[in-house]
Structure formats: structure tokens, C-alpha cells
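Close look at the chain arrangement
Below, each chain spelled out in residue letters.
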Amino acid sequence: MALFEDEMDTSPMVASLLSSLANYSNLPTGSKEHEEAENNEEGPRPSKKPIKAPQLGTLMGVYLPCIQNIFGVILFLRMTWMVGIGGVLGSFIIVFMCCSTTMLTAISMSAIATNGVVPAGGSYYMISRSLGPEFGGAVGICFYLGTTFAGAMYILGCIEILLIYIVPQAAIFKMEGLEGPEAEAALLNNMRVYGSLVLGLMALVVFVGVKYVNKLALLFLACVIFSILAVYAGVIKTAIDPPVFPVCILGNRTLLTKAYDVCAKTVELDNDTVPSQLWRTFCDSDALNATCDEYFSNNNVTEIQGIPGVTSGILAENLFGYYLEKGVILEKRGLASVADEEGPSPTSNRYVMSDITSFFTLLVGIYFPSVTGIMAGSNRSGDLRDAQKSIPIGTIAAISTTSIVYMSSVILFGACIEGVVLRDKFGEGVNGNLVIGTLAWPSPWVIVIGSFFSTCGAGLQSLTGAPRLLQAISRDGIIPFLRVFGHGKANGEPTWALLLTAGICEIGIIIASLDAVAPILSMFFLMCYMFVNLACALQTLLRTPNWRPRFKFYHWALSFLGMTLCLSLMFICSWHYAIIAMGIATCIYKYIEFCGAEKEWGDGIRGISLSAARFALMRLEEGPPHTKNWRPQILVLVSVDAEQNVEQPRILSLTNQLKAGKGLTIVGTNVVGTFLNNYADAQRADQSLRRLMETERVKGFSQVVISSNLRDGTSHLVQVGGLGGLKHNTILVSWPQNWKHPDSHLRLKDFVEVVRETTIASLALLVPKNIASYPSNGERFTEGHIDVWWIVHDGGMLMLLPFLLRQHKVWRKCKMRIFTVAQMDDNSIQMKKDLITFLYHLRIDAAVEVVEMHDSDVSAYTYEKTLVMEQRTLILKQMHLTKNEKEREVWSSSTEAVSNPTQIHLTLTKNSAPTGHMSHNTPGGGTASPDCEVQRTWTDKGGAKDQSQASAGKPEAGKDLFNMKPNQFNLRRMHTALRLNEVILKKSKEAKLVLLNMPGPPKNRMGDENYMEFLEVLTEGLNRVLLVRGGGREVITIYS
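Residues numbered from 1 in each chain as written. Predicted model: local features only at pLDDT ≥ 70, side-chain atom pairs only at ≥ 80, totals over all residues. Heavy atoms only, no water.

The protein chain carries the name Solute carrier family 12 member 5b in an unreviewed UniProt entry, which gives Gadus morhua as its organism. As stated in UniProt under Catalytic activity (unreviewed entry), the record for the protein chain gives "K(+)(in) + chloride(in) = K(+)(out) + chloride(out)". Turning to the protein chain, the UniProt annotation filed under Subcellular location (unreviewed entry) states: "Cell membrane". (UniProt positions renumbered as here; feature names shortened; annotations may be inferred.)

1. Focus on the state of the cysteines
Covalent bonding between the sulfur atoms of two cysteines is what defines a disulfide. The final tally for this structure, using the stated rule, is 2 disulfides. There is a disulfide in this structure between Cys248 and Cys263, and the S-S distance comes to 2.0 Å. On the S-S bond that ties Cys248 to Cys263, the torsion sits near 85°, and the link is right-handed. Here Cys263 lies in the loop between strand S2 (253-254) and strand S3 (266-269) and Cys248 lies in strand S1 (residues 246-250), a separation of 15 residues in the sequence. Its relative accessible area of 1% is what places Cys248 among the buried residues. Through a disulfide, Cys283 is tied to Cys292; the S-S separation comes to 1.7 Å. Between Cys283 and Cys292 the disulfide shows an S-S torsion of about 100°. By sign, it is right-handed. Of the residues examined, Cys283 reaches a relative accessible area of 9% and is grouped as buried. Ordering the disulfide-forming cysteines of the protein chain by sequence position, one finds them joined as 1-2, 3-4. No disulfide involves Cys223; its sulfur sits 9.7 Å from the nearest other cysteine sulfur, which is in Cys456. (Disulfide = S-S within 2.5 Å. Helix = DSSP H or I, 4+ residues; strand = E, 2+ residues; numbered from the N terminus. Buried < 20%, exposed > 50% of the residue type's maximum accessible area, 1.4 Å probe, protein only.)

2. Here's the deal with the pattern of salt bridges
All told, the structure shown has 21 salt bridges when counted by the stated rule. The shortest N-O distance in the salt bridge between Asp787 and Arg817 comes to 2.7 Å. Remark: Arg817 occurs in strand S12 (residues 815-822) and Asp787 occurs in strand S11 (residues 785-790); sequence separation between them is 30 residues. Accessibility expressed as a relative area gives 0% for Asp787, which makes it buried. The exposure class of Arg817 is partly exposed, given its relative accessible area of 22%. For Lys987, the salt bridge goes to Glu849, with nearest N and O atoms at 2.6 Å. Of this pair, Lys987 sits in helix H32 (residues 968-988) while Glu849 sits in strand S13 (residues 847-852), placing them 138 residues apart in sequence. Since its relative accessible area comes to 31%, Lys987 is described here as partly exposed. Each of Arg78, Glu160, Asp355, Lys425 and Asp515 takes part in salt bridges that share partners, so that together they form one network. (Salt bridge = Lys/Arg side-chain N within 4 Å of Asp/Glu carboxyl O.)

3. Re a nonpolar patch on the surface
A surface patch of nonpolar side chains, about 350 Å² in accessible area, is lined by Leu56, Leu59, Met60 and Leu218. Along the chain, the position of Met60 falls in helix H2 (residues 58-70). A relative accessible area of 39% places Met60 in the partly exposed class. (Patch = residues over 30% accessible without salt bridge, like charges linked within 9 Å, V, L, I, M, F, W, Y side chains within 5 Å. Areas by Shrake-Rupley, 256 points an atom, 1.4 Å probe, with all protein chains shown as cover.)

4. Details of the nonpolar core
If you look at the biggest cluster of nonpolar residues, it comprises 169 residues, and the most contacted ones within it are Met153, Tyr367, Met375, Tyr406, Phe413 and Phe531. Of the residues forming this core, the biggest block, 22 residues, is contributed by helix H6 (residues 133-166). When near neighbours in sequence (up to four residues on either side) are disregarded, Met153 contacts Val73, Ile74, Pro369, Leu514, Val517, Ala518 and Leu521. (Core = buried A, V, L, I, M, F, W, Y, C linked by side-chain atoms within 4.5 Å. Contact = heavy atoms within 4.5 Å.)

5. Concerning the confidence of the model for the protein chain
For residues with low pLDDT, the predicted coordinates do not support detailed interpretation. Overall, the predicted model of the protein chain reaches an average pLDDT of 79, with 81% of residues at or above 70. A low-confidence stretch, residues 22-51 (pLDDT under 50), is modelled with 69 contacts involving residues beyond four sequence positions or located in other chains. Note that residues 889-959 has pLDDT below 50 and, in this model, 91 contacts with residues that lie over four places away or in other chains. (pLDDT = per-residue confidence, 0-100.)

6. Regarding the packing of aromatic side chains
Applying the stated rule across the entire model yields 19 aromatic pairs. With centroids separated by 5.9 Å and ring planes inclined at 70°, the aromatic side chains of Phe551 and Phe553 adopt a geometry described as edge-to-face. Using a relative accessible area of 11% as the deciding quantity, one classes Phe551 as buried. A residue is classified by how much of its surface remains accessible, and Phe553, at 67% relative accessible area, is exposed. The structure contains a cluster of three or more aromatic residues connected by ring pairs, namely Phe143, Phe368, Phe525 and Tyr529. The positively charged end of Arg253 is found above the aromatic ring belonging to Tyr295, 3.7 Å away from the centroid. The positively charged end of Arg423 is found above the aromatic ring belonging to Tyr322, 4.3 Å away from the centroid. (Phe/Tyr/Trp six-rings, centres within 6.5 Å; stacked < 30°, edge-to-face > 60°. Lys NZ or Arg CZ within 6 Å of the ring centre and 35° of its normal.)

Right, here's the structure in full:
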């Protein structure tokens, strides 16, 4: 193995390696800012009047809009029911959790909103500019869907107030006489019909005159505030003069108001006892001896006070929860009753029954929408006189106010109202009155009318704000299929977005149940708030230079607490809705990422990437990776033509096929020149590399260096490629084509120097020969072999590379064969057994064959081949002498001159006789073919003076060429190369790819041409060859 004898100390022969298989051990050795005009939600407005400066202050611009958006339908329609079901303690916990979440979110939002101007888009703008277009788009769509479903919820609340408390006679599907599921279905159908009509009417109002909606906002707000004040006034009145508000109880069961006229079984009329309507409801006749319901017969009818007052002590009874299954009768605690075990089951036309199964998490989902709306102030930042002052103060004040109202309402409702009345969701036991209305002063109609107009106004606001949010997202262009919704009327009104909003809102109307719609929009709002907190926390922790909010009362821990609360509430409300909402957001995120959102907003995610990259690079600096973690980090050296296009693009196809290891890839090239003069060429070359990498789907980095010559540029790439611990460990460079041609002398030298540099730097080297014949990424091999010729141990590179290639679809169907060479002293049978065992431990499937190569005499063809190689080397040396070197040659040679020896022709064939008595047979035993003729011509094209000076030494040189004898070292190397080539051709000529150990370069640079000739002979006749040199460390292991 003369080709590899210089490396036996560092690269042992396979035979010696396999003998120590039992002790085999593999241990490691040693911003662009986005300020586009499309973000203006109002759009261009043609106006002759000059634009006035924003004049809204904290009260009118932030505080009151937030109050209006936070107070809503849940307060009037579900708050009393929540207190009755969850108890004062449970309801207070729910309110406290939700209000704490919004307060923490408001703190984070205030920090973001005061860190510069927040244009139209509100929370969407803040999240997208803080977390990037992917998160911004995903959360923006979720916030849009939440706002849209909020519109549906307000409309359903409006219809519920209308049909149940104002004009029940307007129901299209009559509910009189119906009970159970039939009555429920009739109610839902009425909600759907009237909800669709109201939705169409509101959409028309928004389309025709948004300005009227804005002007009516104060009226709607006045209704809300007046209704709340009426409730507090009623609470105060109960302490002074509790109202007479009787509720009829049979045993401990609450009776429907329509089931009786008086709360008694019989009444005295003209000194006569006659049955009441209640008697007729439970008995089969009016006779006093009629057969009655057993529970009716065994229990008395009592009348209790529905609103005993704040001083009555009822708070203790309402302190704890009273959760009910669907269809269960509302019962009063503390009243004794005789159970009706064998009698007929109670029917819904007699008692007040629960309409849904209630539990703590359901209450959270239903209640949370009543604390949303905190973004109203930030959405109007463009209209504020001093947004950075007004937004924090106004938003936090509004949340504080509403939180106090909600928490006090929980306590006051529990202290004033009887439990069975609180649990009566639709007021069926209190004559069909709105429960919260029964507490209000001076009249229940204050609450009914106020809540009706409040829900109408909130619905209009949702249908006004949601299309503008969608328009802002569409105009950002991050979601391509939504771009059509960025267009609108001439005045900028989002017509198409309004149509889509109305369509999505109709889905909520079709659901028809307020209790079912509320958790849906809770999910979307909670997700939005969660990412607002995340954005603030990230910006604070990353300490980006641009993070300078004027609002100082924030901390990353508060933001993380808010984010955790939001995430917890999502799964508390409804885990399946939470998963669906997160799935929608994830799909939108991946879609934006797939479409390639070309937006640079200086977002925090990029900051995270930079921080994570720095952290990872610092960790990589701690030491080299373990063998199990080793993967090829490839530096691909390519050359470009005069147009800065890659000359051999197929090398990147091979790179892609090798990247099953998912490691680093750097594609580098060199531009000859100076940085000042050739920077534009370098930029074009970089763009060319990037385009080719994208075409070949190579994920990595491009690197172009400018240097005065090719050699220095390549050396710089090898030295400085990568960063810190993330550096290349493998060089991939193609075989220099036509290296024998005089014009390619620089490329030849550069190639050999790359081999030397990789050896010194302990880098692996991959050299594909005939790269143009390698398959593209679109090709498929349906059969064939990948042959590995394992001659010296290289750390396992020859084993690892075929495995990586076979992970790619191009090579997947190819089978792997491993050949190794046994010499005279080796036991080939034992070598094969050891190699099979070794591969088994490596978990690599491959066929194994040991090829025996015995020593033989050097053939005449080998002798001649070596002689021709050395003669050509001497000629090439003469061709590339510098002027000074030529002058030294002149003085050192004979003084005899020849007038015109400008050309020397040397022709030598395999059949020509060498100097000396050697065998004339070729290695194959036959005669040499004429196509093996070698011919080289040298012409001195220098100036006349140089020609005359150089010509003196050339006759002597010519004599030396024909009288020289080959070097014995070169002769032995040529003999090894020819013998190996003969064996490889015999076994692997039809292989799809041959991987072969690459011999090391000569220590003496004068032998570079000889080295290339050895490699040429070694690989002659093979179609695809990948020469491999290991990096001096183990790259594959048998251990887990």
C-alpha cells in the first residue's frame, strides 16, 4: 500500500483496525421599520378641509370607550346566574382571575403602546411589530375572529332580551305549551331568525353610515352607566326598604310563575275553599278529593321573599356554589321536603329547571367576555392628544373601575337576592322578569331597556371594528389570500371585509346559544392577550436598544404571570376550544411562514433568534461534539465564471443529497480582484449562489471572498468559514477538470493546496470526480450499488457517507457494498468476519467482500507510465519558471547555445520500449491500445530576450528528458495505483457510485503533478467517484 504508507501512523490499515474491534472506542478529540401607508385603517379621505390635530384626551379617548366595551351583555344577562350557580366565593375567584388577567395585560399593553406610536390596528399592530409577521398574522386573525364572534354574542343577547323580557309575543316559533327539548329548540330557532335579521340590519347600518354609529356610542354608553347606577340604587334601597318580591316554593322546589295565580293550593272564596290554579296544575280535577301528584300532596306551598335585602344575612346561604345538571329542578337550600321517589317525574311546565349542565370552568368561559374590550383605547391612538400618556392611565383606570363594579356586584347580588332567584337564568320563577332588573330602582325596565340598547351598541361597534382590523391585516400583505379584503369604498370603508365579517358572525348566530358562543370568543381574546404579554416580556428580557417605553411600571415577571393566566384560562374555559383556537393560530402561522412573509419589523422573535444563536454558539465553544453528535458541516468550494455564475452547479445537488445529517452548509467562492474594485462582482456572485442554493434546496449560507488570487481566496474560505463552534468540519470540492492542460496549472496547485490545508486543519475532504455525471435531485435510481473501497481507516467517513446518501430519495433504492483489501500477510477470512461484525454493531446493512492483492513485479507499462509522468512534470516545471528562475537555469547549464529550440515534442505509447530491460506486457496481460498515447508540447512565448536567454539550457534539458530513469518511490506508487484501479474496475465498474480513500498529498510541492497523476490512474475508467479523506477523528460509533 505504497500510496498510503506515509499515513500509516495516523490512518491504520483496515486489517489492524478490525483486529481490535472488541476494544473499538469512539471518544471525541480534545431594522428595517415598516411604516407603509396601507396601515392607515381609515384610508384616504378626500376632504377640502384641513386636517385637524387630534384633540381627544384620556377621558373621552380612552377611559369611556374602554368602559363601554368592557361592560356588556354578560353583566346584565348572566352575572346573577353565575353568582347563584358558582356561589359568592367561586364567582369572586372567577372575577378576580379574569380581572387580574386583563390588568396584567393592560400593563404589558401600556408598555408596548408607549414605546412609540401605535397606528391603526391596535393589538394586531403591537403583536406583529413585537413578535413578527407570523405571530402577528396568526394572533391578528384570532383577535379578528374573537371580535366577530363578540358581535354575534351581543346580537344574541339583544334578541334574548327582546324575545324573553320585552315582547315575548313576537316569537315566530311559539313556546307556549312546549316543554323540555321542544321549548329549547323553539327558543333557539327564534334566536336564529331574529338574530339573522338584526345582523343584516346592523351590517347595513355600518355599510351606510359608520359616522352615525360613532355618534351613537355616547348614547349607548349612557345607557350602560345609567343601568349600573340603577342596580346600585336598588341595592341601597333594599337596605332601607326591601321590595316585596315573592317567590312560590313547593316543598323546596321553585315553581314556574305561569303554573299558579296565587301561591297556595286552595283559596277561600265566599267562605268556601276552592282549588287554585296550582291545584289544577298538579291534580287531575278541581275536586278537593282529586288524585294529585304525590310530591304536591306530601309538601306544603310556601312563599319566600325573592329579594330579602342586603341586611338579611342571605349572603351566608349564597356563599358556596350550587352546580346543577341539565334538567334538574331549582331547589332552595335549608327547606325540608318529602321526596317523591315513586311518583311521576317532574315536568318543566311546573318547576323552574336548569337548562344546561353547569360547572366551574363553564362559568369562567361564559364570564370572560365581560372583561374584554381593554384594547379600545390603543385602537384610537391616532386620535389622542398624547397617546403615550392617555393609553396607560385611561386603560388601567377603566379596568380598575370595571373590576370594582364586577367584584362588588358579586358580593351585593349574593347579599341581596335569594339563591333560587339567582339560579333562575331567565326569571321564570319571578314572572319572567330579568333577575338583575328585579333589583334595580326605580323600575326593572331601566335595566331591560338599558341592556337592550347596550347590546345593540356593542354589536354595532364589533361590526365596525372587526372589518377594519381585517383590512389592516390584509393591507399588510402577510396573508396573500386575504389581500382582496384590503380594498373598500372610495372613502376607505372596508366593504369586502364587512361582508366576510357578517358571514362569520352568522355562524355564531346559527349556534344561537349565548352560553355556547361566549367560550369561543373567550379563546380568541385570551390568545390575543397572551401574546401581548409575551411580546412585552420578550422585549424586556432581550433589552433591545429600541425598547424604551415611557410607561415605567412594568416588569417581565408580571408579563409572564399574565401570559400564564391567559393560557391557564384558555384550558380552564374549554380545553377542546383552546386546542382548536391554537390549531387555527398554528395553521395561520405556518401558512405565513410557508408563503415567506418578507417583512422586517424589528420584531422580538428575531431578537430571540439572535440571543438563542449566541447562546448556542457559546455552548458549542465548550468542546468538540461527541462522536454520536458528529455530522458533516460542509464547506462547498465552487468556482464562478466571468458572469459570476456557478460553473458546476451539480455539486450543490450532491450537497443536498448529503444533508441527511442536517448539519451546517456553507457555499463559498472566490472573486479575483480587490475589495474596492470588485465588490459589485462579489455581490452578483453571492446572489448567484443564493439562487442556486434555493433551486437545489440547499439550506445554508453563502460566502464570497475577494482576493488577489485564487489560492489566497480559497485558503481564506477554509480558514474563516463558519462562526465560533459552528464551523465546517468537511470540505467538498470538485475534481479539477483538464488539470493537465497548462492553462489549468493554477487550479491544479489550488486543489492540491486545499488537500494539504484540510490535512493540517484536521478537516474531512470530499472530492467528487466527474461531477457532471452525478444525478440531480429530481432523478431516481431504482437499483444499483454504492461501493465503498475501505483501504485505510479514516474515522468512519466511508461508512457514514453512504448511509447519509441513502436517506435521500435519489439513492434510496441503491444497496451498499463494502470492499476492503487484504495483502499477503492478512487473513482474508477473518477480516471478512470481523468486518461483518463491525457493520452489525454500526447498524449498517451492507454486503462485504475482501479482495486479495498479492505482490507482483512492476510491469513495463507501469515503468513507462511513471517515466512519462516524471518527464511531463519536468516539462511543466520548465513552463512555469519565473524570469529569475530561468536566468538561474541559464547560468547553471552548459554555455552551448542552440539558435531556435523552441519546441520539444515527446510522444510515448504503452508499446514503446523503455530504457532498460523490463517486461513489455501491460498490467492486463495484453497490448496497450493506441488511445493511451501521451503527447505534450511546450512552447516558450516570452519576449525575444527571454527566448535567447532561456534557450541556452534547453538542449541539455532535452537530453535529460530522454536519458532520465523513473524514481523508485514514484514507481512503487504508480504500481499500487494501477493494481488498485484494476481491481476496482473489475468489481465496481457498474456501480452507481464508488467511494474511495483518497491518498494524502506529497510533502514536497515539486511532486504535485505526480500526485494528481496517481489519483487519475487510481480512478481511471470509473464513472462516478467520490474520493474521501477523514478529518483525523472518529465520526461513527458502535455505542448507543
